[in-house]
Amino acid sequence: MRVFTGVLFGLFAGLLAVGLWEMMKGFEENGCSMTYMFEYPEYRRVALPRRVSRLYPAYGLYLYGEGQYAQETRALKLTGAPVLFLPGNAGSYKQARSLGSVALRKAENIEGGAHLNVFTVDFNEELVALYGGSLRRQTHFLHECIKAILRLYKDVESPPGNVVLVGHSMGGVVARALFTLPRFSPRLVSLIITQASPHLAPVLALDTYLLDFYSAVRQRWVGHAEGLRSVTVLSVGGGYRDYQVRSGLTSLPCPPGDPSKMALVATAVPRSWVSTDHLSIVWCKELVLATVRAFFDLIDPDTGQFSVDPERRRSVLNHHFIRHPVMMPEEPPEPSISFSDSPEAWSEVNTLRLAYSTPKDGQVKYFLFALSSRRKAYSHFYCRSNNLEMTSWIYGCTHRIGSVCVQAVDLSLGTELLPTYKVITLSLSDLSSVSHLVVSASNTNGKQFTVECEWQRQESQMISLPVPHVMSFGLTVSDVVVNSSGLVHTVQLQHFHQVYQAFRITIASHCRVQKDRLSNVYRMRVPWFREDSLTTVSVPSVTEISGMLHTSRPGNTTSALLQMHTAPNCQYKVSVRTSFPRVLGQVLRFCGPMMPVYMAVTLLLACREQLSSILRTGLVLDMSEALLGALQPHKVDLPVYILHLLLGCSWFHEAWSVLRLPSMDDLPPTSPDGSFREGVAPVEEWPRLLSPLLYVFGAAVAFWFSTLLRLLICLMSLILAPLHRPSVSRHCCTLRLRSQLLLILSLTVLGGASCGALSLFLSFLLHLYRVLRLQMTERYLSHMLNLAPQKHRDAGNGSVDGQALSRPEECNGAPLLSECALQETRHDLQLHLCLLTLFTLPLMLSGPSLIHWTRNLRYSIQLDPDPCWPHTVPLLTAYVLLINSNTLKLSTSKLLPLTSRLPLPLAVAMVTFSPLHLYRVTYFLSAALVPLAISCLL
């Protein structure tokens, strides 16, 4: 049985390992370039008012500087535009050096003296993503920092009226929380750029303060959105390399239709197109350059400060982060353009496609495309060029004399930058006032480049391809062959719109004639969120693309698209196959934070199996057998599913609301918009098969965690054995009831005066010591009985009619050194191992509070606020009372029949209410363990 159990849970652990590997390693290599400091970085501390320093002794405000600039700003006499960097969870204020250093280098190359003053906040590297009690304090301190920064410019001729905020991780959430403060003026902050910030929902909801904080921020930005339309917010997610904060959570919970709120993934940022992990998004040179360029484009040359025009902010951010038209944002095209070139520079194109390469010698060259003969047959005009100079290159001719266009309008703003060339697609229906299209292929500087253009029928460029079912396990494949007669094709991947789908998309290209061609660009487009990813390959080639999503489709929009910028006269075969390892990776990426819930459910049901065994036979099952018996997902998921269906009925939902029961937790949010509740984003309808899979993963983690804990206890008992006298007492390390009550009172007072997690940790250590002594006693008894003569063991094993006694009451009165005593000790050890493993979960969930308390001990002895107090008092009481528990007491308890039935309904309730509220796991464990502790007394 043990071998079968080990193999079964080994298989489950193998699937979990495959999913973890795909989530953490199954992506492209880091494409970011490192940012370097050219001079030694310095952080000048900014003095804050004495009142602020007393209220927030652990925090600080600094000005970043290097070399000569650091010396010039030693007296904090500043004239630049203020930018404030906010670190995230456990982040350092020194992370601002990438932004500050690039800004200094950029200012050296700009005429007029425009520059940035980069400030940074020291939040003492607090774990605010896991402990929400500090978020409100950080928000208030940030408000004081902004006021202190603006006071530094009081003697400047044109002082700034606001500060631009750059927030990493939870720092971005704190930046948005500023607007929830009653005395905060929204005019102090006009632009917020966040990097890998979980705006939609917290990654782990370990306490109520974190959810209350999110709820307040959501209510301010959603419920009072009209007053914040002048505030521009840009949220950038890292992509698949960031497995700490998935990019779906970086979408902004704001009403749709607000152009000032923009969210996207780093893979879609022009001139970047890279995925970043959670830390590299701060120093990734490509993203830092985009941010700094946007900041300098936002500076008003007359004042040297950031522009107060919201439309200008949106235009600049759109230019650098969303759609780069290869034109300067501050230079709008002239309404009318005149050409005075000679007729020799003009050529009219009568073919359906143009492919032109400029000569080595510089020349002026224009191509004319007549619209009158193409309007009925074609719907669009497509053109691309690998000349990436920031100049206009596409025009609409409004007046022509002969073969020369003398008057035209600039259409180049519709250009889009791709990794190797710029492209433009013009709709002919929007060009009613234009007679010809003009494409400039001039290279007066002698630089060679290629221009390719063609007329298109949009319906002929779209191909539909149904994707395989997610449960096909890669055994079936969907493919389509594209005979490229054009320059761009779009494959609509039908039914690909859910985050649990993952595919391997293979594109094989083959050309009949081998010649130099522009590179192919394959682009995965997601219509409902800016999470596009681009791949550049040569022709011919065989390329594999990962087909995965950061967000699910929110409505009935189209499915994901594969846009291929191809070479003409080539053949492309697109094959789509389900990737089961990547499906597992997606499941863990979105549902990994729920694993503690399913682990707790498995351990709770394993405890139920132990209690049922004691009730039936008086014996305790081995931990592996108990976990195997707990592997019954239908007993948990079926009631949850029935409850989910009943809540769809109006009468049941009304009764549920009358009883004021909390809403059901289902699965983490995957949609970028929608309604919200209790600070947690809306749940989604995923297949019910996903919950049993998570149950299996939780059981595998529980099994191997309990096995590892057992090995650690064996090792620790070997180390501690020389320090203790051997004992054969069945009640070793037990406490009297009076001592237990005194200990409970002491730990309760200690937790209230310092930290509730500390009391929980101390009670865990007491129980751990009890388990270690049981392990040492079991080893000593086994060793002594192996050395004892056979007749001595037979005489002392308490047999009746030649049958060995097995029930604990039958061993009552047996000698201390006997097989019966050894079996009783082993049963007690198995019982306490199960309880200790179960106790470990609340300890891990309260760990962030304990870490925060220890790191701030020099500032305050008491943790305020304390999410573990007083909720852990029942659990702490159960910890101490269960130290004396043993199999004999439980087998004779009158409450055991009732206690053994509690874990199952509590497990169902845990799956119903805890997946998005992990702190509730402690409540349900307390509800199960307190009656068990009372059963040991009655």
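Quick caveat, the model's predicted, so the values are computed rather than measured. (Residues numbered from 1 in each chain as written. Predicted model: local features only at pLDDT ≥ 70, side-chain atom pairs only at ≥ 80, totals over all residues. Heavy atoms only, no water.)

Overview of the packing of helix H26 (residues 903–913) against helix H27 (residues 920–935)
Thinking step 1. For the pair H26 and H27, interaxial distance at closest approach is 10 Å and the crossing angle is 170 degrees. In this view, H26 runs roughly antiparallel relative to H27, as classed from their interaxial angle. In this structure, H26 uses Leu906, Ala909, Met910 and Phe913 to contact H27, whose residues at the interface are Arg920, Val921, Phe924, Leu925, Ala927 and Ala928.
Thinking step 2. Taken together, the residues of the contact of H26 with H27 sort by class into 9 nonpolar, no polar and 1 charged. (Axes fitted to C-alpha atoms, helices over the stretch in contact; angles between N-to-C directions. Helix = DSSP H or I, 4+ residues; strand = E, 2+ residues; numbered from the N terminus. Parallel < 35°, antiparallel > 145°, perpendicular 65-115°, else oblique. Contact = heavy atoms within 4.5 Å. Nonpolar A, V, L, I, M, F, W, Y, C, P; charged D, E, K, R; others polar.)

Quick look at the environment of His224
Thinking step 1. As for its placement among the helices and strands, His224 is situated in the loop between helix H7 (208–223) and strand S7 (232–237).
Thinking step 2. We classify His224 as partly exposed; its relative accessible area is 45%.
Thinking step 3. With 225 residues separating them along the chain, His224 and Phe449 place their C-alpha atoms 51 Å apart.
Thinking step 4. At a separation of 3.5 Å, a polar atom in the side chain of His224 contacts the main-chain carbonyl oxygen of Gln219. (Buried < 20%, exposed > 50% of the residue type's maximum accessible area, 1.4 Å probe, protein only. Polar contact = N/O pair within 3.5 Å; in protein donor to acceptor, adjacent residues only side chain to side chain.)

Concerning the sheet that holds strand S16 (residues 416–417)
Thinking step 1. With antiparallel pairing, 5 strands are arranged side by side in an open sheet as S11-S19-S13-S17-S16. At either margin of the open sheet sits one strand with a lone partner, and together these are strand S11 (353–357) and S16.
Thinking step 2. Pairing between S16 and strand S17 (residues 422–427): 2 bridges, direction antiparallel. The residue of S17 that forms the bridge with Leu417 is Lys422. (Pairing = 2+ DSSP bridges.)

As for the layout of surface pockets
Thinking step 1. A volume near 1200 Å³ is recorded for the largest pocket.
Thinking step 2. For the largest pocket, the lining is made up of 48 residues, of which Val203, Leu204, Gln244, Gly592 and Pro593 are closest to its centre.
Thinking step 3. Counting residues per element, the ones that place at least two in the lining of the largest pocket are helix H1 (2–25), helix H12 (580–591), helix H13 (595–617) and helix H21 (819–845).
Thinking step 4. Counting residues per element, the lining of the largest pocket draws most heavily on H1, which supplies 4 residues.
Thinking step 5. Residues belonging to the lining of the largest pocket are distributed by class as follows: 38 nonpolar, 8 polar and 2 charged.
Thinking step 6. In this structure, the second largest pocket encloses a volume near 710 Å³.
Thinking step 7. Lining the second largest pocket are 29 residues, with Arg323, Glu416, Arg523, Arg525 and Gln563 sitting closest to its centre.
Thinking step 8. Only strand S13 (380–385), S17, helix H11 (458–461), strand S22 (488–494), strand S24 (520–525) and strand S27 (561–565) provide two or more residues apiece to the lining of the second largest pocket. (1 Å grid on protein atoms, 1.4 Å probe; cavity = no way out; pocket = protein on both sides within 12 Å on 5 of 7 lines; lining within 4 Å. Points joined across faces, edges and corners; volume = space filled by probe spheres on them.)

Quick notes on the packing of aromatic side chains
Thinking step 1. Throughout the structure, instances matching the rule amount to 29 aromatic pairs.
Thinking step 2. When the centroid spacing of 6.0 Å and the interplanar angle of 90 degrees are considered together, the rings of Phe9 and Phe12 count as edge-to-face. Of the two residues, Phe9 and Phe12 both sit in helix H1, 3 residues apart, roughly one turn of that helix. There is no split in this pair, since Phe9 and Phe12 are both buried.
Thinking step 3. Between Phe9 and Phe703, the ring centres sit 4.5 Å apart and the planes meet at 5 degrees, which makes this aromatic pair stacked. On the criterion of sequence distance, the pair formed by Phe9 in helix H1 and Phe703 in helix H17 (residues 690–720) is long-range, its members being 694 residues apart.
Thinking step 4. By way of ring pairs, the aromatic residues Phe9, Phe12, Phe703 and Trp704 are connected into one cluster.
Thinking step 5. Over the aromatic face of Trp221 sits the side chain of Arg176, whose NZ or CZ is 5.0 Å from the ring centroid.
Thinking step 6. The positively charged end of Arg384 is found above the aromatic ring belonging to Tyr421, 5.2 Å away from the centroid. (Phe/Tyr/Trp six-rings, centres within 6.5 Å; stacked < 30°, edge-to-face > 60°. Lys NZ or Arg CZ within 6 Å of the ring centre and 35° of its normal.)

Digging into unusual backbone geometry
Thinking step 1. A cis geometry characterises the amide bond from Asp864 onward to Pro865, with omega recorded as 0 degrees.
Thinking step 2. Along the chain, Pro865 falls in the loop between helix H22 (847–855) and helix H23 (873–881).
Thinking step 3. Between Trp869 and Pro870 the backbone carries a cis peptide bond, its omega angle lying at 0 degrees.
Thinking step 4. On the secondary structure map, Pro870 appears in the loop between H22 and H23.
Thinking step 5. Positive phi, normally seen in glycine, also occurs at Asn124, with a value near 65 degrees.
Thinking step 6. The exposure class of Asn124 is buried, given its relative accessible area of 13%.
Thinking step 7. Here Ser169, not a glycine, exhibits a phi torsion of approximately 55 degrees, which is positive.
Thinking step 8. With respect to the secondary-structure elements, Ser169 resides in the loop between strand S5 (164–168) and helix H6 (170–177).

A word on a nonpolar patch on the surface
Thinking step 1. A surface patch of nonpolar side chains, amounting to about 450 Å² of accessible area, comprises Leu708, Leu712, Leu715, Met716 and Ile719.
Thinking step 2. On the basis of relative accessibility, which here comes to 40%, the residue Leu712 falls in the partly exposed class. (Patch = residues over 30% accessible without salt bridge, like charges linked within 9 Å, V, L, I, M, F, W, Y side chains within 5 Å. Areas by Shrake-Rupley, 256 points an atom, 1.4 Å probe, with all protein chains shown as cover. Salt bridge = Lys/Arg side-chain N within 4 Å of Asp/Glu carboxyl O.)

Considerations on the pattern of salt bridges
Thinking step 1. Per the counting criterion, the structure on display carries 21 salt bridges.
Thinking step 2. For the salt bridge of Glu144 with Lys147, the shortest nitrogen-to-oxygen distance reads 3.6 Å. With Glu144 and Lys147 both in helix H5 (residues 135–151) and 3 residues apart, the pair spans about one turn of that helix.
Thinking step 3. For Glu144, a relative accessible area of 12% translates into the label buried.
Thinking step 4. Accessibility expressed as a relative area gives 30% for Lys147, which makes it partly exposed.
Thinking step 5. Among the salt bridges present, the one from Asp258 reaches Arg229, with a minimum N-O distance of 3.6 Å. Taken together, the positions of Asp258 in the loop between S7 and strand S8 (261–265) and Arg229 in the loop between H7 and S7 put the pair 29 residues apart, joining distant regions of the chain.
Thinking step 6. With a relative accessible area of 31%, Arg229 lands in the partly exposed category.

Looking at the confidence of the model for the chain
Thinking step 1. When pLDDT is averaged along the chain, the result is 87; 93% of the residues meet or exceed 70.
Thinking step 2. Here helix H20 (residues 790–795) is the element of the chain with the lowest mean pLDDT, 52, and strand S6 (residues 191–195) is the one with the highest, 97.
Thinking step 3. Segment residues 674–685 is flagged for pLDDT under 50; beyond a separation of four residues in sequence, or across chains, it makes 39 contacts in the model.
Thinking step 4. Across residues 795–805 the pLDDT falls below 50, and counting only partners more than four positions away or on other chains, this stretch makes 10 contacts in the model. (pLDDT = per-residue confidence, 0-100.)

Description of the pairing of strand S15 (residues 404–410)
Thinking step 1. Where strand S9 (residues 337–338) meets S15, 2 bridges bridge the pair, whose relative direction is antiparallel. If you follow Ser338 over to S15, its bridge partner there is Gln407.
Thinking step 2. Looking at chain direction, strand S14 (residues 394–401) and S15 are connected through 6 bridges and run antiparallel. Residue Cys397 lies in a different strand from S15, and its bridge partner there is Ala408.
Thinking step 3. In sequence, S14 turns back onto S15 through a hairpin of 2 residues, with Gly402 there showing a positive phi of about 70 degrees.

Description of the sheet that holds strand S26 (residues 541–547)
Thinking step 1. The strand order across the open sheet formed by 4 strands is S21-S28-S23-S26, and the pairing between neighbours is antiparallel. Each edge of the open sheet carries a strand with a single partner, namely strand S21 (477–484) and S26. The mean inter-strand angle of the sheet, taken between neighbouring strand axes irrespective of direction, is 15 degrees.
Thinking step 2. Here strand S23 (residues 503–511) pairs with S26 via 7 bridges, running antiparallel. When the bridges of S26 are listed, Ser509 appears paired with Ser541.

Re the nonpolar core
Thinking step 1. If you look at the biggest cluster of nonpolar residues, it comprises 222 residues, and the most contacted ones within it are Leu84 and Ile146.
Thinking step 2. Sorting elements by how many residues they give to this core places H13 first, with 13 residues.
Thinking step 3. Leaving out residues up to four positions away in the same chain, Leu84 has contacts with Leu61, Phe119, Thr120, Val121, Leu142, Ile146, Ile149, Val163, Val164, Leu165 and Val166.
Thinking step 4. Counting residues in each nonpolar core, the second largest holds 24 residues, with Tyr356, Cys383, Leu428 and Val451 among its members. (Core = buried A, V, L, I, M, F, W, Y, C linked by side-chain atoms within 4.5 Å.)

Regarding H6
Thinking step 1. Counting buried residues in H6 gives 8 out of 8 residues, a clear majority hidden from the surface.
Thinking step 2. Those residues of H6 lying buried are Met170, Gly171, Gly172, Val173, Val174, Ala175, Arg176 and Ala177.
Thinking step 3. Against the buried residues of H6 lie strand S3 (81–86), H5, S5, S6 and H7.

Looking at the state of the cysteines
Thinking step 1. Overall, the coordinates contain 4 disulfides when judged by the stated rule.
Thinking step 2. The side chain of Cys383 participates in a disulfide bridge whose partner is Cys453; the two sulfur atoms lie 1.9 Å from each other. You can see Cys383 sitting in strand S13 and its partner Cys453 sitting in strand S19 (residues 450–456), a full 70 residues away along the chain. Across the pair, exposure class does not vary: Cys383 and Cys453 are buried alike.
Thinking step 3. Shown here is the disulfide that connects Cys397 with Cys405, its sulfur atoms set 2.3 Å apart. The chirality of the disulfide connecting Cys397 with Cys405 is right-handed, given an S-S dihedral of about 115 degrees.
Thinking step 4. In this model Cys714 remains outside any disulfide bridge; the closest cysteine sulfur is found in Cys834, 16 Å from its own. (Disulfide = S-S within 2.5 Å.)

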